[in-house]
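Residue-level structural notes
Listed below are the residues making up each chain.
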Amino acid sequence: MSNRLARATSPYLLQHAENPVDWWEFTPEAFAEARERDVPVLLSVGYAACHWCHVMAHESFEDPETGREINEHFVAVKVDREQRPDVDSIYMAATQLLTGQGGWPMTVFLTPQGRAFHAGTYYPPRPMQGRPSFRQLLAAVHEAWTARRDEVLRSADQLADALARHPRLVDRMLADAGPSVVTEPGEDAPDAAQRLVGAWLDGLELARDAAHEGFGSGAKFPPSPALEALTRIARPGTDADRQHRAAAPAAADGATPDATGSAATDSGGMAPVTTDPATTDSGGTAPATTDSDIPDAAATAAEATGPAPAERETARELLCATLDAMVRGALQDHVGGGFFRYSVTPDWSLPHYEKMLYDNAQLLRVLARTVELLERAGTDTARVARYRHAATALVAWLQREMTTPEGAFAASLDADSDPSPHDPGAEREGAYYTFSRGSAGTGGEDRSAGPGPVTAAWGEAGAVTGILDESLRRTLWDRRLERTAPHRDDKVVTAWNGMALTALAEAAVLLEHPQWLESAETAAEFLWQRHRDPEDGTLARTSRGGVVDPHEGRLEDYAFLGAGLLALGRATGRGVWYERSVALADTAVALFVRDGTVHDDAALDPTLEAAGATGRAEPFDDVAASGASVLARWIAELSRPETGGRPSREITELVTSWATGVVLKAPTAAGGMVSAVLSCTRAPELLEVVDASPGQWREVLDVLGAERVLDTLVLDGAVAPYGVPATGTAGFTVWRCRDGRCELPVHSVAELAARSGARRG
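This section reports on the structure supplied with the text. Bear in mind that the values here come from a model prediction, so they are computed numbers and not experimental data.

1. Some thoughts on helix H23 (residues 648-656)
Those residues of H23 that fall on the buried side of the exposure criterion are Ser648, Ile651, Thr652, Val655 and Thr656. Looking down the long axis of H23, one finds its buried residues gathered within 130° of arc, a one-sided arrangement.

2. A word on unusual backbone geometry
Between Trp104 and Pro105 the backbone carries a cis peptide bond, its omega angle lying at 5°. In this structure, Pro105 sits in the loop between helix H5 (85-99) and strand S3 (106-110). Look at Trp348: it is not a glycine, yet its phi comes out positive at around 65°. With respect to the secondary-structure elements, Trp348 resides in the loop between strand S7 (342-343) and strand S8 (351-352).

3. As for empty space enclosed by the protein
If you walk through the whole model with that rule in mind, you get seven cavities of 30 Å³ or more. By volume, the largest cavity amounts to about 140 Å³. Lining the largest cavity are 13 residues; nearest its centre among them are Glu228, Gln362, Arg365, Met499 and Phe560. Split into classes, the residues belonging to the lining of the largest cavity amount to seven nonpolar, three polar and three charged.

4. Digging into the state of the cysteines
Within this structure, the stated rule accounts for two disulfides. A sulfur-sulfur distance of 2.4 Å marks the disulfide that ties Cys50 to Cys53. In this structure the cystine formed by Cys50 and Cys53 twists about its S-S bond by roughly 80°; its chirality is therefore right-handed. Neither residue differs from the other here; Cys50 and Cys53 are each classed as buried. Residue pairing for Cys737: its cysteine sulfur links by disulfide to Cys742, the two sulfurs lying 2.1 Å apart. Where Cys737 bonds to Cys742 through sulfur, the torsion about that S-S bond is close to 105°, and the disulfide is right-handed. There is no split in this pair, since Cys737 and Cys742 are both buried.

5. Concerning the sheet that holds strand S15 (residues 542-544)
With antiparallel pairing, the three strands of this open sheet are ordered in space as S14-S15-S16. Either end of the sheet is taken by a strand with one partner, and the two such strands are strand S14 (492-493) and strand S16 (547-548). Two elements, S14 and S15, share two bridges in a ladder whose sense is antiparallel. Residue pairing in the sheet places Val492 in a bridge with Ser543 of S15.

6. Points about H5
Look at H5: 20 Å from first C-alpha to last across 15 residues, which is about the 21 Å you get at 1.5 Å a residue. Among all positions in H5, only Pro85, Asp86, Val87, Asp88, Ile90, Tyr91, Met92, Ala94 and Thr95 are buried. Summarising the contacts, the buried residues of H5 are in contact with strand S1 (41-46), strand S2 (75-80), S3, strand S4 (116-120), helix H7 (149-177) and helix H21 (606-611). Just downstream of H5 lies Gly100, where phi reads positive at about 80°.

7. Quick look at the packing of helix H17 (residues 494-510) against helix H18 (residues 516-531)
Two elements in contact, H17 and H18, have axes separated by 9 Å at closest approach and are oriented at 150°. For the element pair H17 / H18, the angle class is roughly antiparallel. Two packed elements cross with a definite hand, and for H17 against H18 that hand is left-handed. In this structure, H17 uses Thr494, Asn497, Leu501, Leu504, Ala505, Ala507 and Ala508 to contact H18, whose residues at the interface are Trp516, Leu517, Ser519, Ala520, Ala523, Ala524, Leu527 and His531. Class assignment of the residues belonging to the contact of H17 with H18 gives a composition of eleven nonpolar, four polar and no charged.

Quick notes on the rules
- Residues numbered from 1 in each chain as written.
- Predicted model: local features only at pLDDT ≥ 70, side-chain atom pairs only at ≥ 80, totals over all residues.
- Heavy atoms only, no water.
- Buried < 20%, exposed > 50% of the residue type's maximum accessible area, 1.4 Å probe, protein only.
- Helix = DSSP H or I, 4+ residues; strand = E, 2+ residues; numbered from the N terminus.
- Arc of directions from axis to C-beta.
- 1 Å grid on protein atoms, 1.4 Å probe; cavity = no way out; pocket = protein on both sides within 12 Å on 5 of 7 lines; lining within 4 Å.
- Points joined across faces, edges and corners; volume = space filled by probe spheres on them.
- Nonpolar A, V, L, I, M, F, W, Y, C, P; charged D, E, K, R; others polar.
- Disulfide = S-S within 2.5 Å.
- Pairing = 2+ DSSP bridges.
- Expected span 1.5 Å × (residues − 1).
- Contact = heavy atoms within 4.5 Å.
- Axes fitted to C-alpha atoms, helices over the stretch in contact; angles between N-to-C directions.
- Parallel < 35°, antiparallel > 145°, perpendicular 65-115°, else oblique.
- Left-handed = near helix turned anticlockwise from the far one by under 90°.

Shown next as structure tokens:
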């Protein structure tokens, strides 16, 4: 007989719909039931691709006697952590405070008000290795609730108070690390950012596993936010960037604006033609200003400085060493493409076989950016080939196995599956992906050697190139198709799809696969039309089968989707994506920037607030960059003077004020913050195009190539953030601007190409 979860949309919850447990979803009604019955809440949190979640489900939640005991003494609540990250976040913090560790399945016992008083993760059906059985735990909690209620409630209150104090403790810890990179007196932000980069690289070097690469000495997760920040540091600024920043005051010193709003400088200089954001709307014609409006020369020259050559080399070495360990080893699925969630071993040799959209989206972006910077340097051709191959295989997997009927991207693939269609119910982790190396490429599988993960070194050529030999790959692929494929969690998560939009948009340009943009635009249109409420502009967190769930989007959903729309606009040149990104940014600021700080939630669930949640945004990265850091980076790269009616710089500085502390206290969790600081101090150059025909617009994008998704934002003059200067010349015009200061324009694509080529040279 089905329980309440039969009405859920989450695949994880549906997996438990036939349990003998009388499950509830996390709703006010569930906690009202607990208050009515005067029993504690058993909260079980997991996700569809979680191996140990399946194990505990089979061992305990499918057992009738265990189900009877749960139903008699508890109100049982099941949560999909991917659908309700707000629930997962506060109770994982409670679990870590109580036990010193965390993981999934997460098992937490709550008062009827929602306050945690006991927590753990997986519990076996029988006592083992000092861990009680799950039924022993149930009996002990029931005894404590009935016989020692005051002690339980006191413990719950103390834990909730500790959780509520957490943001203040974080603020104190970050403040103790040193002054902010954006508020230190007497120092220009770019100089402070360069110091921050140096300190961060030092911290990464200390955390580096010199023997196996990656960071730390235990299980290895892809450090995607750190790798992305390393691509930004390792890539030298363009000559155009340096000339553009440094030349403005020099050109201004002896120049007088003429009647057209430009100045009498040579074509390589920077004219003191600026706009005033206080008096110009985004579609207006900007007035020329006088020299006194140009920023101080020293400040502008400081902006020209990026990471020093030694820091760029350090960043590149850390980036490529870590990528090599993942791409050559067992973390990559060398047969079907994409990457597994993590390696259980520090040498990247034994993966945990879940495949998550968020990991693969972030790694695609890192691979594409790394290929571009290595190709630009003209070195490491073997690495270029290896990373390009991994990225191409990843996209093939994404399109083949992760695309939903609506054109968006599914959340994950399970780790467990049956070894064969003829052996149902014999689920084994990695059964779909592992082979016996001794029988690879032969007719029968040698089970005596035991199956294992495939690496590039299985092939004769692959041992050298890091790319599995194609003939061997094809043989293993054909054998894999005879097996039972893992279950797919086909819900669509807004934030993770936003990551995929960014990755596909950038990779399509950087790796020269424009056809990938079609997948990105299809997914983006679905998200905009179905996950966004047209009435108030708010986002839903998830959907499944086109049905949108009633859970509100969090900061990360807005930030990652908004950044994805911006990336798509930069890649395609279609202004609609930029305009949608701007609209979403305005909504995000209104919802999440309040009370002098940034929040992860637009409004707190009252039960979570009672449990100790504050909703304050977390400054540290997790498996992805923190939502706050992505918000700052996104707003900076939109290049608008205001967002949501507030100065954009004011918003970004709320976030980057945490940067110094995050870098010094937790460097491996600081990649998102470092990327935010770099974006805020080295915002993209604006190329404002006026009166372009469709053909000219396409030619402008082609002339810029990779620059348009990395260093340059190309916009139609009608939506230019500061407007465009007035000229006496009609027709096709291109202005190159930054912070409202523009060079003399060009009036043909050929002129633009010549000037861009000279600057790159």
